[in-house]
Protein chains: 2
Amino acid sequence: MSDETEPAAQAAPGRGGGLTRRALLVGVGAAGGAGAMFAAMGALGLAPESQEKDFTPPQPSDFSLSGKAAAKVVVLGASIAGLTCAYELGKAGYDCTVLEASGRVGGRTITLRTGDRLDELGGEPQTAAFEEGTYFNAGAGRIAPWMVTMDYCRELGVPIETFVNNNASAYVYNENMTAPVRARTARADLYGYVAELLAKASNAGALNRRLTADDRERLAEFLRRFGDLGSDLTYRGSERRGFETYPGVDRGVPLGATPSLRDVLAAGTGRAVTMDFGYDQAMPMFQPVGGMDTIAGALADAVGRDRIRTGTPVTGIRNLPDGVEVTHRGGTVRADYCIATLPPHLLARLPHNLGTPVTAALRTPVPVSAGKIGLEYGRRWWEIDDRIYGGVTETDLDITHIWYPSHGYHSRGGLLVGYYNVGPNADLYGALSHSDRRKRALTQGKKIHGEKYRSELRSSVSIAWRRTPYIEGGWVGWPSHEGAFALLQRPAGRVYFAGDWLTQLIAWQAGAMESARRTVTELHRRVLSATS
Amino acid sequence: MSDETEPAAQAAPGRGGGLTRRALLVGVGAAGGAGAMFAAMGALGLAPESQEKDFTPPQPSDFSLSGKAAAKVVVLGASIAGLTCAYELGKAGYDCTVLEASGRVGGRTITLRTGDRLDELGGEPQTAAFEEGTYFNAGAGRIAPWMVTMDYCRELGVPIETFVNNNASAYVYNENMTAPVRARTARADLYGYVAELLAKASNAGALNRRLTADDRERLAEFLRRFGDLGSDLTYRGSERRGFETYPGVDRGVPLGATPSLRDVLAAGTGRAVTMDFGYDQAMPMFQPVGGMDTIAGALADAVGRDRIRTGTPVTGIRNLPDGVEVTHRGGTVRADYCIATLPPHLLARLPHNLGTPVTAALRTPVPVSAGKIGLEYGRRWWEIDDRIYGGVTETDLDITHIWYPSHGYHSRGGLLVGYYNVGPNADLYGALSHSDRRKRALTQGKKIHGEKYRSELRSSVSIAWRRTPYIEGGWVGWPSHEGAFALLQRPAGRVYFAGDWLTQLIAWQAGAMESARRTVTELHRRVLSATS
């Protein structure tokens, strides 16, 4: 047996990393010929877009050819990464034990329902007192359709529904405004003026050196459509802005006067209007029906609840000549291999014999603060009064966003996310008691939604991820993807690492799952090729 | 009793129409003081945006003050307009009878499930042979959140879910392309180049006469964000385009080279990229769970199924001195009033004594062709292979759109809308037999989705609205909103008209409902004020 890692795992996570890895996988036979051919075609632009990352789960039959047997693996953390590792290894008969410090599975996919308790380091515990059926996704909240999370939902039978990440009827509110504006209004005005400016610049000859007459005609056609311009290429407002009273039997009553170009630019609505342009934010997005923790729950069921020991904080990790030894508050577990999925800054604190470079590497990523508050109301005033069904109001207030629920439409009550902030704003709220967080969040939200935002509140729960036991951060940021990041992709002896923090999808469940798949692939390959 | 119409009903549907009507409603006491005050505030820009159109349903107590009694009303057509009229009048105890020519309720909100038969004028009937649980919304398919349709869903307890009207992962395909592109890619490239062109024109001084230095700085900040430009204001592609392989442990594998500005303009993706900019198309939109006809079904249940006679085509309408007489294939119905909700071009053919101006007015709007095909597959390849969950692929082919289902995600099979076209394209398909429509639709869709689009088909049903009995059109278009349109807002004696065709929301269920509310309000006011 060797502690050496396969070359594939050493590939730096650069642009060519995926391909290098694939090519190597072909070499070691871990991916089929057809899949490799497809990947090569894709690289040459010959195949349709593929989200595949060529993962083949370990199978019992893998051992029949090798003459080896599945190993015993201790997984640290019933996180998404930890559960995915145990689930995938379990498919081939690996004997996995998952040690989880907290009382629940799922790591940062905490979903709170009535009666659930939320502890806080140095703070008072909270207990959710929601109506039956209300839930609060305090952590992970949305899934992009290309993410592997969707595949796990399908495979595990977790029903999903659309998550509204961008809503034209939601508001944009910045401190410099006298009143919130609808996202559709902000968009229509920004696009209208941008189209007008460019169309007129083109008409005045400013683009003649770059564009042919044909190009300019096509551009003008697009801009008229994009900005809803008049035939003179002027923007004078548009039905796209929405209405004071929407059309019915009669024409609609327009909103007030369209603001000037200067006022539109000064309002600063650009961040809100472009909020879903990113590849990880584009509409539509998705969520499991009934709460994000449904995925972790389904994984835990598939792993086998008897393999998962909650309330079992790990106190030490030791590589042995022929295995690993993990100590925890209740005893010791010995296994052939270990997969550690705790947040790196917590792993760094554990006694271990993995060497000082590993400790230094684990200390390299910087924890990021993030916070959320769930505000429960007995009446869905955002639907009834504001016609907002799901989506996000963007603000430059310290609450940053308000999320409206994308489920339970038209039911009696519901729960908003009253802030979802990161960095300094999250620190600001995190330093407060829960009741002061609520007070501050209500004062801010009231600027957008008026007095009912305070007066109709039923209950609330807030989370400060830096103060959440056994997690202590929303996620981490890396100063670079070389050095420490690359080192921890490799096992330290018989101890592997996995988690969103070891991927390009930090803070996404998909990152945890992708990392788990990589780790499982490499551990399994090692077991199949082990000489002892 | 008088055949005169109230002034409110005579108001032309111009911009001031809504206010005039409201002011009049205040005068006759049909709307409360607070509501009228709110409307006046809104007109002055003092109140938040309101979708209210000040409808107060008739109530039994309305009669206790007037000394009058509810009347008998015969409603022609169990359309959305007809059912809404009977439902709202029923709240005050009106004795309504609904005569429906076809075998089903709901008019153009046809939802087909397995075993349902679809007749066609001059064509072979089709019978849906879907899997259990599959449905095809052959007519109305989506609801905007500001529409009154949402209020009826809430009031009637019809559960709703998000309808994905725009999906960044869906494709754009025009005949001039060698391969389809993802909507997100088309958007990123168009926005990137538009931003670059305007930012550089601004930098070169082309906007100096219009914008101050501060304005230009704000504009540049927006454009960098909008186009994801480099620091030199150049667009060189963006992660927003999507990936060949999305990021995971490793960075994503980018799509092929970003096309040139000229190629992006020539591709003609502008219509697709702006498809949800309209106030009636903006995301998110909604649909009833289980099929659009759930709304019509709930209305029919609320009206009372015993009041609705299906299979009862009307053959004549006569105003009498003290009532109306409607003849139908099975006999005659006499009532105090009639509300006719058939399509105007079918109403125009009925024998009646409403006068030649009414006939001429009914002949004025022009029926519009529209067609859809439902293509059922045993495997959701669009989700599994293409990562498309709901939404629309836009094309310049004669199929115009492909709609992917916004429900039943991850279930075994599902149904696409293989075309939804109007006008000449709808005529082209409508003139074919069903099997030829299917063949043509598959040939077109195959250009986007490849051979599986044909080979994996399970079953199909198509509708040609111009050939649908008792409807004969997708909707109608008016040459103007004066003259005939205004005339038919008024009753012809005791015969009222209602339907989406009498509103600014043609082809929307909301139009039918708004028209019904207007008609109910006016009929009820007349009953309350009648002298005989």
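- For chain A, the name recorded in an unreviewed UniProt entry is Flavin monoamine oxidase family protein, with Streptosporangium amethystogenes subsp. fukuiense as its organism.

Overview of the interface of chain B and chain A
- Facing the 98 residues of chain B at the interface are 98 residues of chain A.
- Both sides of the chain B and chain A interface together cover about 9,500 Å² of buried area, and 61% of this is carbon and sulfur.
- Counting every contact that joins chain B to chain A gives 8 salt bridges.
- The shortest N-O distance in the salt bridge between R210(A) and E196(B) comes to 2.6 Å.

Things to note about the UniProt feature "domain: Amine oxidase" (unreviewed entry) in chain A
- With numbering matched to this structure, UniProt assigns "domain: Amine oxidase" (unreviewed entry) to residues 80-523 of chain A.
- Taken end to end, residues 80-523 of chain A has its terminal C-alpha atoms 18 Å apart, with 32% of it in helix and 23% in strand.

Re the side chain of T269(A)
- With respect to the helices, strands and loops of the structure, T269(A) is situated in the loop between α9 (261-267) and α10 (270-273).
- For T269(A), a relative accessible area of 5% translates into the label buried.

Topic: the pairing of strand β19 (residues 370-377) of chain B
All names here are of chain B.
- Of all 8 residues making up β19, 8 are buried, and the element is well covered by its neighbours.
- Here β19 shows no split at all, with A370, K372, G374 and E376 on one side and G371, I373, L375 and Y377 on the other all buried.
- Sheet topology note: the β19/strand β23 (residues 457-464) ladder contains 7 bridges and is antiparallel. Bridged to Y377 within β23 is L457.

A few points about the environment of A498(A)
All names here are of chain A.
- Tracing the chain through its elements places A498 in the loop between β25 (495-497) and α19 (509-529).
- A relative accessible area of 0% places A498 in the buried class.
- Sequence separation of A498 and G256 is 242 residues, and the distance between their C-alpha atoms is 54 Å.
- Setting aside residues no more than four positions away along its own chain, A498 makes contact with A81, C85, I339, A340, T341, S515, A516 and T519.

Re the sheet that holds strand β13 (residues 308-309) of chain B
Residues and elements named next belong to chain B.
- The strand order across the open sheet formed by 5 strands is β13-β2-β1-β17-β25, and the pairing between neighbours is parallel. Of all the strands in the sheet, the pair left with one neighbour each is β13 and β25 (495-497).
- Across 2 bridges, the pairing between strand β2 (residues 95-99) and β13 is parallel. Bridge assignment links L99 to a residue of β13, and that residue is R309.

Looking at the packing of aromatic side chains
- On inspection of all chains with the given rule, the structure shows 54 aromatic pairs over all chains.
- When the ring of Y246(A) is compared with that of Y279(B), the centres are 6.1 Å apart and the planes differ by 50°; the resulting orientation is tilted. Of this pair, Y246(A) sits in the loop between β10 (243-245) and β11 (253-254) while Y279(B) sits in the loop between α10 (270-273) and β12 (285-288), each in a different chain.
- Judged by its relative accessible area of 1%, Y246(A) is buried.
- Among the residues examined, Y279(B) registers a relative accessible area of 11% and is labelled buried.

Structural notes on the sheet that holds strand β2 (residues 95-99) of chain A
All names here are of chain A.
- Spatially, 5 strands are ordered β13-β2-β1-β17-β25 in an open sheet, and the strand pairing comes out parallel. Every other strand in the sheet has two partners, leaving β13 (308-309) and β25 as the edge strands with one partner each.
- Against the sheet, helix α5 (residues 80-90) makes contact with β1 (72-76), β2, β13 and β17 (337-340), and its axis sits at roughly 165° relative to β2, the strand it touches most.

Some words on the pattern of salt bridges
- Across all of its chains, the model carries 70 salt bridges over all chains by this definition.
- With a closest N to O distance of 2.8 Å, D119(B) and R117(B) form a salt bridge.
- Taking relative accessible area as the criterion, D119(B) reaches 37% and is therefore assigned partly exposed.
- The partner of R454(B) in a salt bridge is E451(B), with the nearest N and O atoms 3.9 Å apart.
- Under the relative-accessibility criterion, R454(B) is labelled partly exposed at 35%.
- Salt bridges sharing partners connect three or more residues here, namely R379(A), D385(A), D386(A), K452(A) and E456(A).

Section: unusual backbone geometry
Residue and element names in this part refer to chain A.
- Residue P284 follows M283 across a cis peptide bond; omega there is -5°.
- Mapped onto the elements, P284 comes out in the loop between α10 and β12 (285-288).
- The residue D228 is not glycine, and still its phi comes out positive at about 55°.
- Topologically, D228 is positioned in the loop between α8 (213-227) and β10.

Overview of the environment of N208(A)
All names here are of chain A.
- Residue position: N208 is located in the loop between α7 (183-203) and α8.
- Beyond its immediate chain neighbours, meaning those up to four positions away, N208 contacts S202 and R216.
- Here R216 takes part through its side chain, which lies 3.3 Å from a polar atom of the side chain of N208.

What counts as what
Residues numbered from 1 in each chain as written. Chains lettered and ligands numbered in written order. Predicted model: local features only at pLDDT ≥ 70, side-chain atom pairs only at ≥ 80, totals over all residues. Heavy atoms only, no water. Contact = heavy atoms within 4.5 Å. Buried area = accessible area lost by both parts, 1.4 Å probe. Salt bridge = Lys/Arg side-chain N within 4 Å of Asp/Glu carboxyl O. UniProt positions renumbered as here; feature names shortened; annotations may be inferred. Helix = DSSP H or I, 4+ residues; strand = E, 2+ residues; numbered from the N terminus. Buried < 20%, exposed > 50% of the residue type's maximum accessible area, 1.4 Å probe, protein only. Pairing = 2+ DSSP bridges. Phe/Tyr/Trp six-rings, centres within 6.5 Å; stacked < 30°, edge-to-face > 60°. Axes fitted to C-alpha atoms, helices over the stretch in contact; angles between N-to-C directions. Polar contact = N/O pair within 3.5 Å; in protein donor to acceptor, adjacent residues only side chain to side chain.

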